[in-house]
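# Descriptive structure summary
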Amino acid sequence: MDELFHECGIAAVAHLDKNSPSPLVPDQDPSQTSRLIPGMLLDMQNRGQLAAGFTTYNPDRKQLIDTHKDVGGVAEVFRMNHQAEYMNLMQEYAGYAAIGHVRYATCGKDDRSYAQPFERHHIARSKWFSFVFNGQLANYRELREEILQSTDFHLTRETDTEVLNHLISQELSDNPGISHLELLNSLANRLDGSWNLAYLDANGKAFVSRDPRGIRPLCYAVEGSLFAAASESVALTHLGFSEDSVCNVEPGHAVFIEDGRIEVKKYAESPRKAHCFFEWIYFANAASHFDDAGVYLSRKRLGEELARRETVPIDDDTIVVPVPDTAKAAADSMAFELKVPSLEGLIRNRYIGRTFIEGSNRADKVRMKYTPLPEILDGKRVLLVDDSIVRATTLKALLKLLRKRGKAKEIHVRIACPPIIAPCYYGIDMSTIDELFAPRNMAGTVITPEEEQQMADLIGADSLRYLPVEALAECVGLPRKNLCQACVDTVYPTPAGEAMFTRARAEFEKGNAACERVFDATAEPSQQTVTP
């Protein structure tokens, strides 16, 4: 609801044998393998709408690897709504292998120079490379300062992708002949956070790798002479790969493509699996399935759990309404269990561009983006289901709209997620405690019914209920030990993440204490706190 954004999605394709055409490649021409990337990125547009791009490899052209990228959605960047322009672009960048990226920024500016892939030109083909990155480095600041300590080094962007670019370049320069396996092993000793990569060099060698804790998803498939990898399984099955051929890249592992051969190797030990639970609740395409858990079924179970915990009286005027779009599966299953209708009383305008509403205030954004239907909501007791509350600003404006224009009699907000009480340092754009709604209204880490009602009053709901933390793992369908739930339980899976939260919590508590001192100083004498 609060428009959480994710740090990107990645894709890769490679044709392994020029003499063995794949039926999945356009016209069965191996040099057109790169044309698969835009469609794969479209399937992952949910992971980033700010920018897109790809790098392709073709040994038959002077630019052995070449990159096209820009700010905008996938269809816009690749001219997909203009057939002649699209075909010309695909022909210009035709290649036997390619990597691609969709971006939303958790750090860095909204301009083309921050779009990925990042390509580094070099006269040596082994040092001429391009890569894409999905995740966020929790120790980015430390790495950046370390780089800048050298008087000969300079960084031009505020992004961890440039830090990665520098680290890779430095490894290739300092260690001539280093293998890609050794490169990843060296990176693993320096990086903390989530960092899935797809990499391609001017020799046509490539790899896709997943960080040692597997925080972000990464899948791959091989059928015949075609290899493909993506952040989501749906991008592979839509190409035509069978469900059985889609595999997960295991944490700390990489898939290497070299001279028409594929090898899966471990490059680092995995201390523990720490898959981000938000992938199943919010980020991933509902049709995806990865790490042995289906996205749609996970959301369905969240709704069933909400239904089991429902205490509002159910009568003929009670309806369930999802906040579009990711909450629909949970809302439908909740309604089914409660035996009440699940109705689309709230319609989202999916054709309003991000920039069109950027300059408006929150109420204007909500009014332009959502339309309540009085014919559905008028006089009803509405169980409004959403996937999460982060800052609550959008939800508060939406509830006003539902009452004023929708004429709902009651609105009971049900959240298919526990309260978000801590920042994410692994690729979600919520980096401070102070910006979060729940910590400002909770005394501890476990919410009480009284605190839920206080929050309901603040956002303008009749009641508010969250799912408890202990319900998450069962709903997702994975063991608790395999999930990262740091934003709801403050247990961070990496040392840098834990250290950042310790600092963030100290700053938050210091700020709260300062606010309390200001309040005490300005209160009436009878209201002031007296310290013995």
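Preceding block: the structure.
Not measured: the values here are computed from a predicted model.

## A look at the packing of helix α4 (residues 140-148) against helix α5 (residues 160-174)
The N-to-C vectors of α4 and α5 enclose an angle of 50°; their axes lie 10 Å apart at closest approach. Between α4 and α5, the angle falls in the class oblique. For the pair α4 and α5, the sense of crossing is left-handed. Contacts between α4 and α5 involve Tyr140, Leu143, Arg144 and Ile147 from the first element and Asp160, Val163, His166 and Leu167 from the second. Looking at the contact of α4 with α5 residue by residue, the classes come out as 5 nonpolar, 1 polar and 2 charged.

## What about α4?
Burial in α4 covers these residues: Tyr140, Leu143, Arg144 and Ile147. In a view along the axis of α4, the buried residues occupy a sector of 100°, so they form one face of it. The inward-facing, buried residues of α4 abut β6 (129-137) and α5.

## A look at helix α9 (residues 295-308)
Relative to the 20 Å expected for 14 residues at 1.5 Å per residue, α9 spans 20 Å between its end C-alpha atoms, a close match to the ideal helical length. Where α9 is concerned, the buried positions are Val295, Ser298, Arg299, Leu302, Gly303, Glu304, Glu305, Leu306 and Ala307.

## Observations regarding the side chain of Asp160
Residue placement: Asp160 occurs in helix α5. Buried and without a salt bridge, Asp160 has Arg103 as its closest oppositely charged side chain, separated by 7.6 Å. Among the polar contacts made by the side chain of Asp160, one reaches the main-chain amide nitrogen of Leu137 at a distance of 3.0 Å.

## A closer look at the environment of Ala124
Tracing the chain through its elements places Ala124 in the loop between β5 (118-120) and β6. Accessibility expressed as a relative area gives 25% for Ala124, which makes it partly exposed. In the structure, Ala124 is positioned 265 residues away from Ile389 in sequence and 50 Å away in space, judged by C-alpha atoms.

What counts and how
Residues numbered from 1 in each chain as written. Predicted model: local features only at pLDDT ≥ 70, side-chain atom pairs only at ≥ 80, totals over all residues. Heavy atoms only, no water. Axes fitted to C-alpha atoms, helices over the stretch in contact; angles between N-to-C directions. Helix = DSSP H or I, 4+ residues; strand = E, 2+ residues; numbered from the N terminus. Parallel < 35°, antiparallel > 145°, perpendicular 65-115°, else oblique. Left-handed = near helix turned anticlockwise from the far one by under 90°. Contact = heavy atoms within 4.5 Å. Nonpolar A, V, L, I, M, F, W, Y, C, P; charged D, E, K, R; others polar. Buried < 20%, exposed > 50% of the residue type's maximum accessible area, 1.4 Å probe, protein only. Arc of directions from axis to C-beta. Expected span 1.5 Å × (residues − 1). Lys, Arg positive; Asp, Glu negative; His and termini not counted. Salt bridge = Lys/Arg side-chain N within 4 Å of Asp/Glu carboxyl O. Polar contact = N/O pair within 3.5 Å; in protein donor to acceptor, adjacent residues only side chain to side chain.

Treat this as a map of the structure, not an account of what it does.
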